[in-house]
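An overview of the molecular structure
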Amino acid sequence: MGITMLANSGRSIYSMYRGLITPPQAKRKETFTEAVARLGVSERDIKDQAYYYKMTSSIYGLFFIFGLIYNAVLWMKGTTAAGIMGSSYCFLIGAFFFRESFWYMQIKKRKLGMSVTEWFRFMTGRL
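Computed from a predicted structure; not experimentally measured.

Rules used throughout
Residues numbered from 1 in each chain as written. Predicted model: local features only at pLDDT ≥ 70, side-chain atom pairs only at ≥ 80, totals over all residues. Heavy atoms only, no water. Helix = DSSP H or I, 4+ residues; strand = E, 2+ residues; numbered from the N terminus. Contact = heavy atoms within 4.5 Å. 1 Å grid on protein atoms, 1.4 Å probe; cavity = no way out; pocket = protein on both sides within 12 Å on 5 of 7 lines; lining within 4 Å. Points joined across faces, edges and corners; volume = space filled by probe spheres on them. Core = buried A, V, L, I, M, F, W, Y, C linked by side-chain atoms within 4.5 Å. Buried < 20%, exposed > 50% of the residue type's maximum accessible area, 1.4 Å probe, protein only.

Topic: the side chain of Gln-106
Assignment of secondary structure puts Gln-106 in helix H4 (residues 80–109). With sequence-adjacent residues up to four places away left out, Gln-106 is seen in contact with Phe-32, Lys-111, Leu-112, Gly-113 and Met-114.

Brief notes about the layout of surface pockets
Its volume calculated, the largest pocket comes out at about 580 Å³. At the level of secondary structure, the elements contributing two or more residues to the lining of the largest pocket comprise helix H2 (32–39), helix H3 (43–77) and H4. Considering every element that reaches the lining of the largest pocket, the biggest residue donor is H2, with five residues.

So, the environment of Val-73
You can see Val-73 is positioned in helix H3. Sequence separation between Val-73 and Glu-43 is 30 residues, and the spatial gap between their C-alpha atoms is 45 Å.

Let's talk about the nonpolar core
Counting residues in each nonpolar core, the largest one holds twelve residues, listed as Phe-32, Ile-46, Ala-50, Tyr-53, Phe-97, Phe-102, Tyr-104, Met-105, Ile-107, Met-114, Trp-119 and Phe-122. Where this core is concerned, the elements lending two or more residues are H3, H4 and helix H5 (116–123). In this view, Trp-119 contacts Phe-97, Phe-98, Ser-101, Phe-102 and Met-105; residues no more than four positions away in its chain are not counted.

Written out as structure tokens, the structure is:
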């Protein structure tokens, strides 16, 4: 029983690891217009969702900036453990900011499947 449990746990850990590092493949390739038609979403719903993503990404962006400033203070004061914890907070909030702003960009531009490069250009006003 011990060897079986150990083997199952090892397989489970490996499958979780593979799930984390392997991005899921899209099941459909469709345009924004096709997705709107398939989902039956109204123009008002799209505007409401765009507003939601804009507001949440703004809030996350603000918390991210404050977190970076506070984290810099922690590192300068020499509290390494607190700096490491602050860095993990910044990575988490930064990921939330990226997710929400990326979805906002796709709705704003009405294009699905955009890249990170396009996101950088969108955030700097060049897209």
